[in-house]
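Residues per chain, in single letters:
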Amino acid sequence: MKTAVIVFPGSNCDRDVAVALERSSGQAPDMLWHRETEVPRDIDLFVVPGGFAYGDYLRAGAVAAHSPVMREVKARADEGTPVLGICNGFQVLTEAGLLPGVLMPNMGLRFLCRDVYLLVESHDSLFTDRYDTDQVIRLPIAHHDGNYFVDDDTLKRLQDHEQIAFRYCDADGAVTAAANPNGSRDNIAGVFNRERRVLGLMPHPERLADPLLGGIDGKPMFDCLAEALS
Amino acid sequence: MKPKRVGLPRVVRRPSPATEPVPDMNESDGNEGEPNESWAPPPPVAVVPRSPQPAATPQIATEHGLSDEEYQRVLSILGRTPNLTELGIFSVMWSEHCSYKSSKKWLKTLPTTAPWVVCGPGENAGVVDIGDGLVVIFKMESHNHPSFIEPYQGAATGVGGILRDVFTMGARPVANLNALRFGSPDHPRTRHLVAGVVAGIGGYGNCVGVPTVGGEVNFHPSYNGNILVNAMTVGIAPRDRIFYSAASGVGNPVVYVGSKTGRDGIHGATMASAEFNADSEEKRPTVQVGDPFTEKLLIEACLELMATDAIVAIQDMGAAGLTSSSFEMASKGKLGIDMDLDAVPMRETGMTPYELMLSESQERMLMVLKPGKENLAQAIFRKWELDFAVIGHLTDTGRMVLRMGGAVVADLPIDPLAQASPEYDRPWVPTRRQPVIKPDDVPGRDWRQALGKLMACPDLVSRRWIWEQYDHMVMGDTVQRPGGDAAVIRIHGRNRGLAMTTDCTPRYCLADPKEGAKQAVAEAWRNLTAVGARPLAVTDNLNFGNPQKPEIMGQLVEAIAGMAEACRALDFPVVSGNVSLYNETSGQAILPTPTIGAVGIIDDLGRMATLAFKGENQPVLLIGDAVGGRGGWLGQSLYMREVLDSEDGAPPEVNLQIERRNGTLVRELIERGGIVTACHDIADGGLLVALAEMALAGDIGVAVATDPASAHAQPLHAWLFGEDQGRYILTVADDGAADAVMRASAEKGVPCRRIGLTGGDEITVDGPDAMTLEEIRTLHEGWLPDYMNAGGPIV
């Protein structure tokens, strides 16, 4: 699997996700600087990492969505190359129009860093194949703007096409308001594009992909990408 | 000390190792200290500045915080009246914040060396060898005054400043910690300050992408008008790529990088060296504004440049900005600088030399490059979209010559300013000792009522509301998250870890500054030990009131003596630190707060300990016993304060030999592997609070059984809530392991008692009376969010 991790000024989970990718695939990803306009043809997967691209000035992900490298990523995504956006990367992908919806400030208006439980809504994708549908997994969130919003029509389309990847739930898998850390519509934590080849999610799978860090629920995502794209 | 008149001092190109702790720069590179042939010296310097600036007057000097005596010293050093820029430079360089003039005499008594110490105090941060060709670089620094005036920006820029101190030396920052002290929760301003400070620390650290992993929070009315924000950064660097601040090489370019200079933070260092009063609100414009995004770029750009061989010396622009950075670099290298202020990147037009030299705009660095490396360096900073400007050159004059608009706007001798700053031996009186309170004289209360009260008191409640606002996992190496005895960060790519903590119990320090400071050092050492780490070294942040009052100066003197004694006894040298004085508002001083930040090393992360109970039916052991077997030290305990509403008595004694003996045993047991399943030190609140914390963390209860043999030796409440030092609670897998620990303890002469068994979902003491974990958890987790969400008047 040949992966490219996009690095914007202000990205800060680029190394973390590179470590997780290399652990699962045995291959260190390319780190692609935001000014790159010539992206190698043989990239199998783009990863837009967490952090504060361009300081999140204007709006989280807004400036990054218009950077030179994102034009290339969009073109490749249109051709079917998978793209994974984590946290700030999810914000960038929505701003770039690769995924529907927007991420607004958390309902509590505070940055939140904690483990949350997620219900796997669909195992039918490159990213979630190693999970079971309706499995409950535990991953950390760390964001100020993770409050996912879509209008009614878009929500219905997401549901109809099974584009919802993860929803916030409690330890038993119940999707409740109390288990929703940021006010996201319908407890949505992650969504696919229509083709299920682009995934954006607010939780950080790379942060729990190593037993020493307290859990490995994030590891299956990188394992199944490595398997599918090798 | 009589100031020496300095005209044009002889140039000493290399600092003498005997006088300055400046290690060799980089043995393999020959030319960094050599004159740059291509550079032509500037025209001769006019002795009297030809600028139209107003001359200083005694009154202006007073307004700048210089005493009459200090102003006379300025006149004597210069042999003429300074202009306004020059006076401003003197005032910040000689401020308490920059010069340590009241504390220097006493700081010299602290132990600062050990075989593993690479660089002690005097540089931007302390450097300690951790093996594998790596060093840990760390320091703690206060941002108290700005945070009180403008909590978000004050705290944020405190984080930014301490990060720069660490990456300036070549380290990638790997963790932040912070020690916070707020006023009484009832004070109308406290909620606003907590919210702002926490958001500011998070806002900065989260964006920069360095995990905030630990710290401490206290509330006390003495901080109502003067909160404390002490921020600590820990970084890791290769042993052979440490960067220092001593300039060398006449003719080498002096380079400015980072953000542009604006008018913010002018005179921050002077503000930080004065008492507060009712007009402090007016000082808001002296608070700097931080931009963590720029800081992140600056970290990456500096580390990228540091991987080359371009840098001779580097210094961040912290307090007193361009003034202190340039003077420190030149002074350490015994050189001069000829600086063109027109070349300084400016945020606004029309800035004066005075403003440029005193601005505390954030995210700026000053460096000396090797000749010919300007283009290489500039390309890196351009890539990261940061300003880069050659603003001067090193000279052999020993003078700081500032030019602007074609005129010399300041011309000052460097050494008298930087080295011959005033040093005071201020009068002091010892703190009157308090009587030792006998346990039998302290009324008992139902243990459930007392435990409930303690677990819900502001100094002991869960800090989750705070640390959840900090990204404590970014960088992917946080092995122990906040909430334990010490945070643990994995050394990237290895199976070794750094443990880190901050500690101080200010109420002990008020009652007895010496014993309290010993306790702060001992508790930091104990917290590192409790996770299985070998304690390495200390950074300190000494927060006190006005040193011109003999009682306050006495607190400082005695606290330093206590720290020195503890650091010596525990082989725990002080490698960096910061002093914050004048923490008073309208004459009310804070509790003396010598915060200790400490770092230790864990050689095998597979053998690290955590405090959570791990399973049911595990024997619970108490390691260590009360001093002299009496036990149950309740003076200055939280039991006395929270349950009985009394802040009386002498604080617990710290016996450093016992501390060391007990801790060494605990560390050996943890390192042995397979025996200890959980470990926690006993501190604030005593034995039962420590057990409750372990139970909550593991969600497993405990049945405590007092020892019938010693049941009459002390009252139950003294045994449960006494704050005797040097103690730990361990759990072990089974009876066999318990026996092994008892044997090992007996061999080392360490008291060890079996005091209970884990299991169930409640805590019991000698029988049926119980408190459920759910009940305790609600009290413990509920207070801070309830308090912060309660709204109420925000002032």
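Located above this text is the structure these notes cover.
Not measured: the values here are computed from a predicted model.

## Things to note about the nonpolar core
Stage number 1. In this structure, Phe8, Leu84 and Phe166 of chain A together with Met367 and Phe381 of chain B are the most contacted members of the largest nonpolar core, which totals 128 residues.
Stage number 2. Take this core: its biggest share by element is 9 residues, from helix H10 (residues 292-306) of chain B.
Stage number 3. Filtering out sequence-adjacent residues up to four positions away, methionine 367 of chain B remains in contact with Pro253, Val254, Val255, Val257, Cys302, Leu305, Ile311, Ala313, Ile314, Met329 and Phe381 of chain B.
Stage number 4. Counting 64 residues, the second largest nonpolar core, distinct from the first, contains Ile596, Leu605, Leu621 and Val676 of chain B.

## Considerations on the pattern of salt bridges
Residues and elements named next belong to chain A.
Stage number 1. One pass over the structure, following the stated rule, counts 66 salt bridges over all chains.
Stage number 2. Note that glutamate 95 is salt-bridged to arginine 59, the shortest N-O span being 2.7 Å. Note that glutamate 95 is positioned in helix H3 (residues 88-95) and arginine 59 in the loop between strand E3 (45-48) and helix H2 (68-79), a separation of 36 residues in sequence.
Stage number 3. Look at glutamate 95 and you get partly exposed, because its relative accessible area is 24%.
Stage number 4. The class of arginine 59 is partly exposed, set by a relative accessible area of 46%.
Stage number 5. As a salt-bridge pair, aspartate 223 and lysine 219 come within 3.2 Å of each other at their nearest N and O atoms. Here lysine 219 and aspartate 223 lie together in helix H5 (residues 219-229), a separation of 4 residues that amounts to about one turn.

## As for a nonpolar patch on the surface
Stage number 1. The grouping of Tyr57, Leu58 and Val63 of chain A at the surface amounts to a nonpolar patch, some 310 Å² of accessible area in total.
Stage number 2. Relative to the helices and strands, leucine 58 of chain A resides in the loop between E3 and H2.

## Details of the sheet that holds strand E1 (residues 117-119) of chain B
Residue and element names in this part refer to chain B.
Stage number 1. Spatially, 6 strands are ordered E1-E2-E3-E6-E4-E5 in an open sheet, and the strand pairing comes out mixed. Each end of this open sheet is capped by a strand with a single partner; those strands are E1 and strand E5 (212-219). Neighbouring strand axes in the sheet, compared pairwise and without regard to direction, differ in orientation by 20° on average.
Stage number 2. Strand direction decides the pairing type here: strand E4 (residues 172-182) and strand E6 (residues 228-238), joined by 9 bridges, are antiparallel. The partner of arginine 181 across the bridge, within E6, is leucine 228.
Stage number 3. Its contacts with the sheet put helix H8 (residues 190-208) on E4, E5 and E6, and the angle it makes with E4 is roughly 175°.

## Focus: the packing of aromatic side chains
Stage number 1. Taken as a whole and assessed by the stated rule, the structure comprises 13 aromatic pairs over all chains.
Stage number 2. Ring geometry for tryptophan 33 of chain A versus tryptophan 384 of chain B: centroids 4.8 Å apart, planes at 70°, classification edge-to-face. In this pair, tryptophan 33 of chain A is assigned in strand E2 (residues 30-33) and tryptophan 384 of chain B in the loop between helix H13 (374-383) and strand E11 (387-395), connecting two distinct chains.
Stage number 3. Geometrically, the ring pair formed by tyrosine 57 of chain A and phenylalanine 293 of chain B is edge-to-face, given 5.9 Å between the ring centres and 85° between the ring planes. Pair noted here: tyrosine 57 of chain A is in the loop between E3 and H2 and phenylalanine 293 of chain B is in helix H10, and the two residues belong to different chains.
Stage number 4. Members of the aromatic cluster, connected to one another through ring pairs, are Phe182, Phe219, Trp783 and Tyr787 of chain B.
Stage number 5. Cation over ring: arginine 189 of chain B sits above phenylalanine 148 of chain B, and NZ or CZ is 4.5 Å from the ring centre.

Criteria and cut-off values
Residues numbered from 1 in each chain as written. Chains lettered and ligands numbered in written order. Predicted model: local features only at pLDDT ≥ 70, side-chain atom pairs only at ≥ 80, totals over all residues. Heavy atoms only, no water. Core = buried A, V, L, I, M, F, W, Y, C linked by side-chain atoms within 4.5 Å. Buried < 20%, exposed > 50% of the residue type's maximum accessible area, 1.4 Å probe, protein only. Helix = DSSP H or I, 4+ residues; strand = E, 2+ residues; numbered from the N terminus. Contact = heavy atoms within 4.5 Å. Salt bridge = Lys/Arg side-chain N within 4 Å of Asp/Glu carboxyl O. Patch = residues over 30% accessible without salt bridge, like charges linked within 9 Å, V, L, I, M, F, W, Y side chains within 5 Å. Areas by Shrake-Rupley, 256 points an atom, 1.4 Å probe, with all protein chains shown as cover. Pairing = 2+ DSSP bridges. Axes fitted to C-alpha atoms, helices over the stretch in contact; angles between N-to-C directions. Phe/Tyr/Trp six-rings, centres within 6.5 Å; stacked < 30°, edge-to-face > 60°. Lys NZ or Arg CZ within 6 Å of the ring centre and 35° of its normal.

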